[in-house]
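The residues making up each chain are set out below.
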Amino acid sequence: MIQEVIDILKILIFPGFFFFSLLGLIFEWIDRKFYARLQNRVGPLYTGPRGFFQPFADFVKLMAKEDVVPEGAEKPIFSSIPVFALALSLFAVLFLPVYGTQGILSFEGDIIVLMAIMTLFVVLVFLGGLSSASRYSEVGAERSILQLLGYEIPLVASVLGAAAITIHTGGSLSIKGIVEAQSGWWSILGIQALGFAIFLLAAQAELERVPFDIPEAETEIVAGWMTEYSGKKLALLRLARDIELAFLCGLGATLFLGGPQPVLPGILGAVVSTILFVVKSVIVLLILTAIRAAMSRLRIDQMVNFAWKYLMPLSILQLFLAVLLPHIITL
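Residues numbered from 1 in each chain as written. Predicted model: local features only at pLDDT ≥ 70, side-chain atom pairs only at ≥ 80, totals over all residues. Heavy atoms only, no water.

### Some points on the packing of aromatic side chains
Here is step 1: By the definition in use, this model includes 13 aromatic pairs.
Here is step 2: Between the aromatic rings of Trp29 and Phe52, the centroid separation amounts to 5.1 Å while the plane-to-plane angle is 70°, which identifies the pairing as edge-to-face. In this pair, Trp29 sits in helix H2 (residues 17–38) while Phe52 sits in the loop between H2 and helix H3 (54–64), placing the two residues 23 residues apart along the sequence.
Here is step 3: Judged by relative accessible area, which is 16%, Trp29 ranks as buried.
Here is step 4: Considering the side-chain rings of Phe78 and Tyr229, the 4.2 Å spacing of their centres and the 5° angle between planes classify their relative orientation as stacked. Of this pair, Phe78 sits in helix H4 (residues 75–93) while Tyr229 is found in the loop between helix H9 (218–221) and helix H10 (231–256), placing the two residues 151 residues apart along the sequence.
Here is step 5: Look at Tyr229 and you get buried, because its relative accessible area is 4%.
Here is step 6: Clustering of aromatic rings is evident, with ring pairs tying together Phe14, Phe19, Phe20, Tyr99 and Phe277.
Here is step 7: Between Arg292 and the ring centre of Tyr35, over which it is positioned, the NZ or CZ distance is 3.8 Å. (Phe/Tyr/Trp six-rings, centres within 6.5 Å; stacked < 30°, edge-to-face > 60°. Helix = DSSP H or I, 4+ residues; strand = E, 2+ residues; numbered from the N terminus. Buried < 20%, exposed > 50% of the residue type's maximum accessible area, 1.4 Å probe, protein only. Lys NZ or Arg CZ within 6 Å of the ring centre and 35° of its normal.)

### Focus: the pattern of salt bridges
Here is step 1: The tally for this structure, following the rule as stated, stands at 10 salt bridges.
Here is step 2: Here Lys233 ties to Asp67 by a salt bridge, and the two come within 2.9 Å at their closest N and O atoms. A residue pair is termed long-range when its members are at least 10 positions apart, and Lys233 in helix H10 and Asp67 in the loop between H3 and H4 qualify at 166 residues.
Here is step 3: On the basis of relative accessibility, which here comes to 11%, the residue Lys233 falls in the buried class. (Salt bridge = Lys/Arg side-chain N within 4 Å of Asp/Glu carboxyl O.)

Pasting the structure below:
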């Protein structure tokens, strides 16, 4: 009975839903402040010290606003998409190891499940835009699917490359196995440097951030697939995006930066490992923000062309290197 209560608290509080919801809002603040500094602006400033509570204030404000459903929308689908998007993001974070070598959910092949979850999120985006009865939303939804066709294979290949580094110990498709194989080093210091770069670009496209914010494109199609969402629904979608940002940063830290390697036993070790996980995730976040600040939006044809002509061959190359080099080194 006590163990069941502990497991429920892990899922609901730490390192589960509440922790990553809070982390997502904090990551949004870091992203906005760093992005502003790179553009010689100040970013959030007045709500809390240095505007720290601005993402939370935005969430509360949206929750209090009027929730409008377009007259011609497919109401059951349109209204359920924000709930499913948030649930999917919260489900994904349960696989991340926050204070040890494994998450709340851990099994052989869990990394494949995570890839499927990320694909499902894009499917929800497509359905949300298509059910909105808006031409702007439909264009954004179609761009999301086209973008998925460009970055999905490189993203999967970069993740599988990270799994392939465990091949000298028998190979593993579990996050736990990948973290344990990196004990004492970061895989980006070896053959996975290229894989890490590909993961960053693919993650930027997954999050629909500049230069891959093509589905939302505020200067072209208002707000893309989210044009008709407002009030509570928009608040849930933005929170889901923040959690997805924290998730992908945490996944990058786990697969390529060694993850939260336990350095001390007991509770103190768990605290230190959690701090390491957050710090490494912030490193990934700052890199993503720097990419966002340094580039301008691509057209959808430019994005798909770049992904298929350059990103995909490089991702397949790094996957082959990750599989073959351990064998060559041991010969």
